[in-house]
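Structure assessment
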Amino acid sequence: MDLRNEILNTLEKDSRISPAELAARLGADETAIVNEVSSLEKEGIICGYLTLINWEKTSEELVTALIEVKVTPQRGNGFDSIAQRIYKYDEVRAVYLMSGGFDFTVIVEGKTMREAALFVSEKLSTMETVLSTATHFVLKKYKDHGIVFGEEKKDERMRIIP
Amino acid sequence: MKDFLSDKIRSLQPSGIRKFFDAVSEMPDAISLGVGEPDFETPWKIREEGIYSLEKGKTFYTSNSGLPELRREISVYMNRKYDLDYEPLKEVIVTVGGSEAIDVALRCLVNPGDEVIIPQPSFVSYGPCTVMAGGEPVYIDLRSENEFRLTAEELEAVITPRSKVLVLSFPNNPTGAIMEKKDLEALVPVIEKHDLVVISDEIYAELTYSGKHVSIASLPGMRDRTVVINGFSKAFAMTGWRLGYACGPENIISQMTKLHQYAIMCAPTLSQYAAVEALRGADADVEKMAEAYNQRRRYLLSEFHDMGLECFEPMGAFYIFPSIKKFGISSEEFAEKLLADQKLAVVPGNAFGDSGEGYLRISYAYSIDALKEAVGRLRKFVEKLSNHRSIAP
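Treat the numbers as computed from the prediction; the structure is a model and nothing was measured. (Residues numbered from 1 in each chain as written. Chains lettered and ligands numbered in written order. Predicted model: local features only at pLDDT ≥ 70, side-chain atom pairs only at ≥ 80, totals over all residues. Heavy atoms only, no water.)

Let's talk about unusual backbone geometry
Residues and elements named next belong to chain B.
- The omega torsion of the bond from Gln120 to Pro121 falls at 5°, within 30 degrees of zero and hence cis.
- Relative to the elements of secondary structure, Pro121 occurs in the loop between strand E3 (115–120) and helix H6 (126–132).
- Put simply, Phe170 and Pro171 share a cis peptide bond, and its omega is -10°.
- Even without being a glycine, Arg242 presents a positive backbone phi close to 50°.
- Its place among the elements puts Arg242 in the loop between strand E7 (226–231) and strand E8 (244–247). (Helix = DSSP H or I, 4+ residues; strand = E, 2+ residues; numbered from the N terminus.)

A word on the domain arrangement of chain B
All names here are of chain B.
- For chain B, the assigned domains read domain 1 (7–42 + 284–391) and domain 2 (44–281).
- Contact with domain 1, which involves 34 residues of that partner, is made by 41 residues of domain 2.
- Both faces combined, the contact of domain 1 with domain 2 buries some 3,100 Å², and carbon together with sulfur accounts for 62% of it.
- Summed over the shared surface of domain 1 and domain 2, the number is 2 salt bridges.
- The closest approach of N and O atoms between Asp285 and Lys45, which form a salt bridge, is 2.7 Å. (Domains from an automatic or database assignment. Contact = heavy atoms within 4.5 Å. Buried area = accessible area lost by both parts, 1.4 Å probe. Salt bridge = Lys/Arg side-chain N within 4 Å of Asp/Glu carboxyl O.)

Overview of the packing of helix H2 (residues 19–26) of chain A against helix H3 (residues 30–42) of chain A
Residues and elements named next belong to chain A.
- Interhelical geometry of H2 versus H3 gives an angle of 110° and a closest axis separation of 8 Å. When the axes of H2 and H3 are compared, the pair comes out roughly perpendicular. The way H2 lies across H3 gives a crossing that is right-handed. The residues of H3 that touch H2, namely those facing Pro19, Ala20, Leu22, Ala23 and Leu26, are Glu30, Ile33 and Val34.
- Looking at the contact of H2 with H3 residue by residue, the classes come out as 7 nonpolar, no polar and 1 charged. (Axes fitted to C-alpha atoms, helices over the stretch in contact; angles between N-to-C directions. Parallel < 35°, antiparallel > 145°, perpendicular 65-115°, else oblique. Left-handed = near helix turned anticlockwise from the far one by under 90°. Nonpolar A, V, L, I, M, F, W, Y, C, P; charged D, E, K, R; others polar.)

Here's the deal with a nonpolar patch on the surface
- Together, Leu5, Ile9 and Met132 of chain B make up a nonpolar patch on the protein surface, roughly 250 Å² of accessible area in all.
- Tracing the backbone shows Ile9 of chain B in helix H1 (residues 7–11). (Patch = residues over 30% accessible without salt bridge, like charges linked within 9 Å, V, L, I, M, F, W, Y side chains within 5 Å. Areas by Shrake-Rupley, 256 points an atom, 1.4 Å probe, with all protein chains shown as cover.)

Regarding the pairing of strand E4 (residues 136–141) of chain B
All names here are of chain B.
- Of the strand pairs in this sheet, E3 and E4 are connected by 6 bridges, and their pairing is parallel. What sits directly across from Gln120, in E4, is Asp141.
- In the classification by handedness, the crossover that spans E3, the intervening H6 and the parallel E4 is right-handed. (Pairing = 2+ DSSP bridges. Right-handed = clockwise from strand over helix to strand, strands pointing away.)

A look at the nonpolar core
Residues and elements named next belong to chain B.
- Counting 57 residues, the largest nonpolar core has Leu300, Phe304, Phe334 and Leu378 as its most contacted members.
- Looking at this core, the elements that each hand over two or more residues are helix H2 (18–25), helix H11 (283–306), strand E9 (319–320), helix H12 (331–342), strand E10 (344–345), strand E12 (360–363) and helix H13 (368–391).
- Broken down by element, the residue count for this core peaks at 8 residues, all from H13.
- When residues of this core are sorted by domain, at least three fall in each of domain 1 (7–42 + 284–391) and domain 2 (44–281).
- The residues contacting Leu300, other than those within four sequence positions of it, are Ile320, Ile362, Tyr364, Leu371 and Val375.
- Listed in part, the 31 residues of the second largest apolar core include Val94, Cys247, Ala267 and Val286. (Core = buried A, V, L, I, M, F, W, Y, C linked by side-chain atoms within 4.5 Å. Buried < 20%, exposed > 50% of the residue type's maximum accessible area, 1.4 Å probe, protein only.)

A word on the pattern of salt bridges
- Counting across every chain of the model gives 38 salt bridges over all chains.
- Here Glu21 of chain A and Lys372 of chain B are joined by a salt bridge, their closest N and O atoms 2.7 Å apart. Note that Glu21 of chain A is positioned in helix H2 and Lys372 of chain B in helix H13, a pairing that runs across two chains.
- Judged by relative accessible area, Glu21 of chain A falls into the buried class, the value being 12%.
- The exposure class of Lys372 of chain B is partly exposed, given its relative accessible area of 29%.
- Here Glu333 of chain B makes a salt bridge to Lys337 of chain B, at a shortest N to O gap of 3.2 Å. One end of the pair is Glu333 of chain B and the other is Lys337 of chain B, both in helix H12 and 4 residues apart, which spans about a single turn.
- Classification of Glu333 of chain B by relative accessible area gives partly exposed; the value is 32%.
- Residues participating in the shared-partner salt-bridge network are Glu147, Arg149, Glu180, Lys182 and Asp183 of chain B.

Considerations on the interface of chain A and chain B
- Opposite the 16 residues of chain A that make contact, chain B presents 33 residues.
- Between chain A and chain B, roughly 1,800 Å² of surface is buried when both sides are summed, and carbon and sulfur atoms account for 51% of that area.
- At the junction of chain A and chain B, the tally comes to 2 salt bridges.
- The interface formed by chain A and chain B contains 17 residue pairs in polar contact (both at pLDDT 80 or more).
- Counting only elements with at least two residues in the side of chain A that touches chain B, the list comes to helix H1 (3–13) and H2 of chain A.
- A per-element tally of the side of chain A that touches chain B places H2 of chain A first, with 4 residues.
- For the side of chain A that touches chain B, the residue count by class is 7 nonpolar, 2 polar and 7 charged. (Polar contact = N/O pair within 3.5 Å; in protein donor to acceptor, adjacent residues only side chain to side chain.)

Here's the deal with the sheet that holds strand E3 (residues 104–110) of chain A
Residue and element names in this part refer to chain A.
- Ordered in space as E2-E3-E1-E4, the 4 strands form an open sheet in which the pairing is antiparallel. In the strand order of this sheet, the two ends are held by strand E2 (92–97) and strand E4 (130–137), each with one partner. Taken pair by pair, the neighbouring strands of this sheet meet at an average axis angle of 20°, ignoring direction.
- Here strand E1 (residues 63–71) pairs with E4 via 7 bridges, running antiparallel. Counterpart to Leu66 in the pairing with E4 is His136.
- Packing against the sheet, helix H4 (residues 80–87) makes contact with E1, E2 and E3, and its axis sits at approximately 165° to E2.
- Where helix H5 (residues 113–124) meets the sheet, it contacts E1, E2, E3 and E4, and its direction lies at approximately 175° from that of E4.

The structure is reproduced here in structure tokens:
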């Protein structure tokens, strides 16, 4: 694996690693790491550094809806301009163009189910190009971004093994 | 009542560091870098196959030498990984871990009084198994100047007319040393000259961090005088499944099968079905784990250099073997004090033979976060020791 991919694979799992530690772990020079990360950022390959939060364990109310959207693609612009009109809304967490039975998966977050549902009925369904929507609410998140929620890792091994 | 015990079992020394192990178990809140098994759970796809085999009712004995399907996969795997060719149904035996294969191989090769050459530091079972097989262990003290590799001169120096078996265990537990192709090639003339048979324990083969592991059996002339031992514990994180295997010439494997049949019947059926999936579909998982170990290895090495702990760069397994000679205390004393002072357990190097004295075996089969915590404690302790020594007369 080249250094770029090693950096990406490692930071994808933990973005808090310092350049010095990353250099040690990858057997590279610290300056080289700093330069490489900065060009990865400039090239838009690293798009952000986030924190994965299990909101269910907080007092914050948050619902996530996954919406299947069918649209009529527009001449000249295809799906991209429609996607843009959808993802500009702050409520929208993610938009994916899909193969198969519908066109977009739109992930929306709201404080309540009502709030999320209103967004669909007032904003999304009323767009000219949107033919239909199907809204599914997330009831429980088990695993997200490769991390299992609520899993307590205990070292089951004996502490000294030859 | 008379004393029923055999002379041989009485002659076996219990591990010299028993006392230290006991001290660790009396300190439940101590953290440890003393574990010789992966921290990863077995990849789910492998576990699934095990569960599925139970659901399908695969709960019976398999043939003594193992499921034919598994032996075929082992043969394919040995070929694609290490350029070795073994006839699956005659030259492969599935065992209860690499450990059983070591024991059975020794008992099949050793006549009373035969000498078994064991380079040390190395895994703890070769000597005792040799004794129980009626042989005499002859130890070679490997040297840190050679990065704990075995040289032809060292081997030649211990040869007697009774020399019979050479045990090689690279990548090595506890040193992390490997033998590259050129190192192995240098041994071949000595092995041939004195007509030795080699037991090559390659259980850590997949955890080689500089290029590809080379098996001594793949060198010209060596295949028919070598028993290669490998298994699923380290590469596939399957220690608890107890599954290993041995490959070698038919005349040896068939005798090993006879002994294995009387002692064990067959390796666990459940584990064998899971292992088929491991060999067929888990390359990516193995690679991911190896990459994680490699990062931890480099991280520890850089931290050790930074705190002034001397060590060569280990290129295999998941151990680092730093020297503590400059502190002027024994490995055991260091480990005991480290445990008492910082609640950090590591294994004294002399647990793996006299030549391990003056070293510690540090395992990096731990998450980076756990390693960071441990490194912090080790650093504090090393600083204390250094300061103490600089003011002492």
